[in-house]
Amino acid sequence: MNTFRVWIRQFIGESTPFGDLADDITDDSTFPKKNDHDIILEYLHEQRAIPNAITTFETAWKQYQTKNQ
């Protein structure tokens, strides 16, 4: 099973919310490496991510979980 960080890379460069999230994660060397929803969500809040980014992460995480079960 791929980690969320690896899974989200398929959207790099897309002009979509998932693409924006993938680009941001790829460009962020301090983004959590641990594949844990709560750790990633806490990190996004600590970085003062905009509400749309949080919503996009939650949607992407659900899709990631569905595809990787």
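Residues numbered from 1 in each chain as written. Predicted model: local features only at pLDDT ≥ 70, side-chain atom pairs only at ≥ 80, totals over all residues. Heavy atoms only, no water.

**Side note on the confidence of the model for the protein chain**
At step 1: Looking at the protein chain, the pLDDT average stands at 95 and 100% of residues meet or exceed 70.
At step 2: Mean pLDDT values over the elements of the protein chain span from 95, in helix 1 (residues 4-8), up to 98, in helix 3 (residues 37-46). (pLDDT = per-residue confidence, 0-100. Helix = DSSP H or I, 4+ residues; strand = E, 2+ residues; numbered from the N terminus.)

**Some points on the nonpolar core**
At step 1: Counting residues in hydrophobic clusters, the biggest one holds 18 residues, and the most contacted among them are Phe 4, Trp 7, Ile 8, Leu 21, Ile 40, Phe 57 and Ala 60.
At step 2: Elements represented by at least two residues in this core include exactly helix 1, helix 2 (17-27), helix 3 and helix 4 (51-67).
At step 3: Of the residues forming this core, the biggest block, 5 residues, is contributed by helix 4.
At step 4: Sequence-distant contacts of Phe 4, defined by excluding residues within four places in its chain, comprise Leu 21, Ile 25, Asn 35, Ile 40, Phe 57, Ala 60, Trp 61 and Tyr 64. (Core = buried A, V, L, I, M, F, W, Y, C linked by side-chain atoms within 4.5 Å. Buried < 20%, exposed > 50% of the residue type's maximum accessible area, 1.4 Å probe, protein only. Contact = heavy atoms within 4.5 Å.)

**Structural notes on the environment of Arg 9**
At step 1: Relative to the helices and strands, Arg 9 is located in the loop between helix 1 and helix 2.
At step 2: Measuring from C-alpha to C-alpha, the distance between Arg 9 and Thr 26 comes to 7.6 Å, with 17 residues separating the pair along the chain.

**Let's talk about the packing of aromatic side chains**
The description of an aromatic ring pair uses the distance of the two centres, along with the angle that the planes make with each other.
At step 1: According to the stated counting rule, one finds 11 aromatic pairs in the structure shown.
At step 2: Here Phe 4 and Tyr 64 contribute two aromatic rings whose centre-to-centre distance is 5.6 Å and whose plane-to-plane angle is 85°, an arrangement assigned as edge-to-face. A residue pair is termed long-range when its members are at least 10 positions apart, and Phe 4 in helix 1 and Tyr 64 in helix 4 qualify at 60 residues.
At step 3: The interplanar angle of 50° and the centroid separation of 5.9 Å between the aromatic rings of Phe 57 and Trp 61 together place this pair among those described as tilted. (Phe/Tyr/Trp six-rings, centres within 6.5 Å; stacked < 30°, edge-to-face > 60°.)

**Here's the deal with the layout of surface pockets**
At step 1: Of the pockets and cavities examined, the largest pocket occupies roughly 230 Å³.
At step 2: Taken together, 15 residues form the lining of the largest pocket, with Leu 21, Asp 24, Leu 44, Ala 49 and Ala 53 sitting closest to its centre.
At step 3: Only helix 2, helix 3 and helix 4 provide two or more residues apiece to the lining of the largest pocket.
At step 4: Residue classes in the lining of the largest pocket are distributed as 9 nonpolar, 3 polar and 3 charged. (1 Å grid on protein atoms, 1.4 Å probe; cavity = no way out; pocket = protein on both sides within 12 Å on 5 of 7 lines; lining within 4 Å. Points joined across faces, edges and corners; volume = space filled by probe spheres on them. Nonpolar A, V, L, I, M, F, W, Y, C, P; charged D, E, K, R; others polar.)

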